[in-house]
Amino acid sequence: MNNTTHFAFFDEGSKKEIRRTTLKAVAIPGYQVPFASREMPIARGWGTGGLQLTLSLIGKEDTLKVIDQGADESVNAVSIKKLVQQTTGVEVTDHTEAASLIQSRHRIPEVPLTEEQILVLQVPTPEPLRDVEASEYVTKRLHAEEEYSGAWLLLFEQIMKYGKTATGADHPVYVNGRYVMAPSPIPRFDNPKMHISKALTLLGAGREKKIYAVPPYTDVTSLAFEDYPFAVETFAGHACHLCGATDVFLDELVDEATGIAYYQCNDTSYCIDRLNSQEQVEVEHHHA
Amino acid sequence: MGYVAVKGGTKAIEASINRLTYDRLKEREIIEVKTIMATMRALVDQVMSESSLYSPFLAALAIKQAEGSMEEAVFIMRAHRSTLPRLYYSNIVESESMLVERRISASFKDIPGGQILGSTTDYTHRLLDFSLVSETRSENEQWIKQFMEQMEHEVATSGEVVYFPKVVDYLREEGLFVAHEPDNTSPTDITKENLSFPASRSARLQTLTRGQTGAVTALGYASLRGYGQVHPTVGEVRVGKLPIYVGHPNEPNQTEEDSYYIGEIKVSEVESFVPVSVKNEQNEEELDFEIGYGVCYGQNETKAIAMSILDQCLEHPEASFPTHDEEFVLLHIDSVEATGFISHLKLPHYVTFQSKLDSVREVKRKGENYE
């Protein structure tokens, strides 16, 4: 009993259906389009939404990059990459510039994306109003009526309680002046990267069965008040201990021997590229 | 005439049990208890956990008898548990002493001691493996031989036993977690005492850990998805063996050294980090972290994580969600109680139904009279 899988795992009908949903999502920026999310060979909640988008879009000519928490070598990224590669035979890459399709969990790469690229984000909770309203039936109506006072109130309450907004990752955004959207759990740091992005951003939530999108060159503004403006995570005073980068999202690591924290680029491929080019400059300088 | 409830009960039961035995035997295949123990680790672990009886052999036997039905196997184990004397309580186990097989953190990349992936299905692709249809003993032997050789060559062994620090200790040093004094008062034993509300934390944790995997997972999921207020990050999941010691029951003034080692149990342990808002000394709201704790027999990380979510929920009963309601959660997650009462609906209800029928008919008749 041997069983070989179809190109990109899905049957053609399923791929078409997901693509149609995707088109609708692109047509209504920020609107969560329901879709018949399939059971996948990875766990529900581990990126099946992103994976379904990737598999429905990928062609033989594509080059795929998969990121998890900023790293290409992170276990879940490796696992997803392996699955897509096994069922399609496409090339994979760590270089952001070299990829035509980038599936990511929790990060938008530091290198600005281009019109030639599609960013697929894995989304755990697509509903930005879930914290204020548990019922799906109700939140859908709130979106229809553009009734977002709950989301604003949440931020307002944080200001009243803590003197500032205290969102973590997944700080809600207004898309194209119409829908409030959960920008997947990317850190606040990455929210501005979605604004007028040259690349198409697709967001897939497998468990919650939703696909939504930010088309290229679309307005994306993070929810904030005039007197309490939106602020990204701060790494002021810290630099990557490897490549020296300062204007990027940094990981806090701890030296086991001394117990002292040090910092490192979260986007590993960005860091390696910088190290390589620094080395090249050094070598050229040396031999010049 | 077939089965009439009021007569022939004895014969009917006898015939039904024969039929059950026939269903188990009719394919003329036998699964050995040791085969279940060796090949169905996850099922054995779950049965042990839900029946709160640590015995892989008895769990495997129960699974065989129950033809693989979880609820039935747990039922059999719990019934057997009632026949066993409860002689000792073990010494307090410090889970730092775990012999770790697997240890991961979803909060920090670089945890002191490092992450150990260990044995997990997390990164397997869930594609049906048709090669298992024709698996042979000799092929398996070959694979094991190769694996062992590889281990000998590639993995250095050290003579000393390594214990791993808890991830949370790092954050405690920074003052992000409150350092509680260990509470070493004897726990409430929920198998000897009726659960009363509000329950002590020890009673809560015991009830959660022996809860039905599916039920604990479902309620933990509900809480995470919006019907609750807990959004944790897993600080640490560890799977490994804990040595268990028992002190001599009749000798006072003994030290730890005098205790008897009675064996080890495999457990999954989880510490979840939950952001909460607390009032500081100036009565201002501040953000802080709290720990949700989960532990269960065997390797069943989902259940342990779900338990840690519910532990945290129940520490904060003021929320308006059922997952924060102690009675709602603790009274409904027990496998034996839930399946028992649901299945009681199969028992005859002739009298109660006749009585209800009478009322309904009466009410309807009255309604007609008014027209």
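Residues numbered from 1 in each chain as written. Chains lettered and ligands numbered in written order. Predicted model: local features only at pLDDT ≥ 70, side-chain atom pairs only at ≥ 80, totals over all residues. Heavy atoms only, no water.

The name an unreviewed UniProt entry assigns to chain B is Carbon-phosphorus lyase, from the organism Virgibacillus pantothenticus.

Per an unreviewed UniProt entry, chain A carries the name Carbon-phosphorus lyase complex subunit PhnJ and comes from Virgibacillus pantothenticus.

1. Points about the overall build of chain B
Along its length, chain B carries 13 helices and 4 strands. A buried classification covers 31% of the 371 residues belonging to chain B. Excluding contacts between residues fewer than 6 apart, the proportion of contacts in chain B whose partners are at least 24 apart in sequence is 66%. For chain B, the accessible area works out to roughly 24,100 Å², and carbon and sulfur atoms hold 56% of it. Taken together, the 36 basic and 57 acidic charged side chains of chain B have centroids lying 12 Å from each other. (Helix = DSSP H or I, 4+ residues; strand = E, 2+ residues; numbered from the N terminus. Buried < 20%, exposed > 50% of the residue type's maximum accessible area, 1.4 Å probe, protein only. Contact = heavy atoms within 4.5 Å. Areas by Shrake-Rupley, 256 points an atom, 1.4 Å probe, with all protein chains shown as cover. Lys, Arg positive; Asp, Glu negative; His and termini not counted. Charge placed at Lys NZ, Arg CZ, Asp CG, Glu CD.)

2. Regarding the interface of chain B and chain A
Taken together, the contact between chain B and chain A spans 27 residues of the former and 30 residues of the latter. For the pair chain B and chain A, the summed buried surface comes to about 2,500 Å²; carbon and sulfur atoms form 59% of the total. Three residues stand out in chain B for area buried against chain A, namely Y123, H125 and R225 of chain B, and they jointly supply 26% of the buried area on that side. For the pair chain B and chain A, the interface holds 1 salt bridge. Here E208 of chain A ties to R225 of chain B by a salt bridge, and the two come within 2.5 Å at their closest N and O atoms. Looking at the side of chain B that touches chain A, the elements that each hand over two or more residues are helix 9 (213-225) and strand 4 (285-297) of chain B. (Buried area = accessible area lost by both parts, 1.4 Å probe. Salt bridge = Lys/Arg side-chain N within 4 Å of Asp/Glu carboxyl O.)

3. Here's the deal with the domain arrangement of chain A
All names here are of chain A. Domain annotation of chain A identifies domain 1 (12-222) and domain 2 (234-288). Between domain 1 and domain 2, the residue contacts involve 15 residues of the former and 10 residues of the latter. Summed over both sides, the interface between domain 1 and domain 2 buries roughly 950 Å², with carbon and sulfur atoms accounting for 50% of that surface. On the surface where domain 1 and domain 2 come into contact, there are 0 salt bridges. (Domains from an automatic or database assignment.)

4. As for the pairing of strand 4 (residues 101-105) of chain A
All names here are of chain A. Most of strand 4 sits inside the fold, with 4 of its 5 residues counted as buried. Sheet topology note: the strand 2 (residues 63-68)/strand 4 ladder contains 5 bridges and is parallel. Considered in strand 4, the bridge of D68 is made with R105. (Pairing = 2+ DSSP bridges.)

5. Section: the packing of helix 4 (residues 56-65) of chain B against helix 5 (residues 70-81) of chain B
Residue and element names in this part refer to chain B. Running from N to C, helix 4 and helix 5 point in directions that differ by 130°, and their axes come no closer than 8 Å. Put simply, helix 4 runs oblique to helix 5. Seen along the crossing, helix 4 lies across helix 5 with a hand that is right-handed. Contacts between helix 4 and helix 5 involve L58, A59, A62, I63 and Q65 from the former and A73, I76, M77 and H80 from the latter. Looking at the contact of helix 4 with helix 5, its residues break down into 7 nonpolar, 2 polar and no charged. (Axes fitted to C-alpha atoms, helices over the stretch in contact; angles between N-to-C directions. Parallel < 35°, antiparallel > 145°, perpendicular 65-115°, else oblique. Left-handed = near helix turned anticlockwise from the far one by under 90°. Nonpolar A, V, L, I, M, F, W, Y, C, P; charged D, E, K, R; others polar.)

6. Looking at empty space enclosed by the protein
This structure, assessed with the given rule, holds 4 cavities of 30 Å³ or more. Reported here for the largest cavity is a volume of approximately 80 Å³. In this structure, the largest cavity is lined by G30, Y31, Q32, E127, E136, K140, H143, Y179, V180 and K210 of chain A. Elements that contribute at least two residues to the lining of the largest cavity include exactly helix 4 (136-144) and strand 7 (179-181) of chain A. Of the residues forming the lining of the largest cavity, the biggest block, 3 residues, is contributed by helix 4 of chain A. Residue composition of the lining of the largest cavity, grouped by class: 3 nonpolar, 3 polar and 4 charged. In terms of lining, the second largest cavity is formed by E252, L253 and V254 of chain A together with F108, K109, D110, I111, P112, V167 and Y170 of chain B. If you list the elements that add at least two residues to the lining of the second largest cavity, you get strand 11 (250-254) of chain A together with helix 7 (167-173) of chain B. Per-element tally for the lining of the second largest cavity: the top contributor is strand 11 of chain A, with 3 residues. (1 Å grid on protein atoms, 1.4 Å probe; cavity = no way out; pocket = protein on both sides within 12 Å on 5 of 7 lines; lining within 4 Å. Points joined across faces, edges and corners; volume = space filled by probe spheres on them.)

7. Quick notes on the sheet that holds strand 5 (residues 118-122) of chain A
Residue and element names in this part refer to chain A. The sheet built from 7 strands is open, its strands ordered 1-9-8-5-4-2-3 with mixed pairing. A strand with exactly one partner marks an edge of an open sheet, and here the two such strands are strand 1 (33-34) and strand 3 (91-92). Two elements, strand 5 and strand 8 (residues 200-205), share 5 bridges in a ladder whose sense is parallel. Note on strand 8: the bridge partner recorded for V120 is L202. Contacts from helix 3 (residues 75-88) reach strand 2, strand 3, strand 4 and strand 5 within the one sheet, and its direction differs from that of strand 2 by about 155°.

8. What to know about the nonpolar core
Residues and elements named next belong to chain A. L51, L55, I58, L64 and V84 are the most contacted members of the largest nonpolar core, which has 35 residues in total. When residues of this core are traced back to their parent elements, those giving at least two are helix 1 (12-27), helix 2 (48-57), strand 2, helix 3, helix 5 (149-162), strand 7, strand 8 and strand 9 (210-214). With 4 residues, the top contributor of residues to this core is helix 3. With residues near it in sequence (within four places) discarded, L51 still touches M40, I42, I80, L83, V84 and Q103. Formed by 20 residues, the second largest nonpolar core is a distinct cluster that contains I102, L121, L203 and Y212. (Core = buried A, V, L, I, M, F, W, Y, C linked by side-chain atoms within 4.5 Å.)

9. Some words on helix 4 of chain B
Residues and elements named next belong to chain B. All of the buried residues in helix 4 are A59, A60, A62 and I63. Axial view of helix 4: buried residues confined to an arc of 160°, hence all on one face. Buried residues belonging to helix 4 abut helix 2 (33-39), helix 3 (41-51) and helix 5. E67 occupies a position one or two residues after helix 4 and carries a positive phi of about 55°. (Arc of directions from axis to C-beta.)

10. Some details on the side chain of T201 of chain A
With respect to the helices, strands and loops of the structure, T201 of chain A is situated in strand 8. Here T201 of chain A is in contact with L119, L121, M194, Y212, A213 and V214 of chain A, once residues within four sequence places are set aside.

11. Structural notes on the sheet that holds strand 7 of chain A
Residues and elements named next belong to chain A. Read across the open sheet, the 3 strands follow the order 7-6-10; overall the sheet is antiparallel. Each having just a single partner strand, strand 7 and strand 10 (220-222) make up the two edges of the open sheet. Put simply, the sheet's adjacent strands are angled 30° from each other on average, direction ignored. Here strand 6 (residues 173-175) pairs with strand 10 via 3 bridges, running antiparallel. What sits directly across from Y174, in strand 10, is T221.

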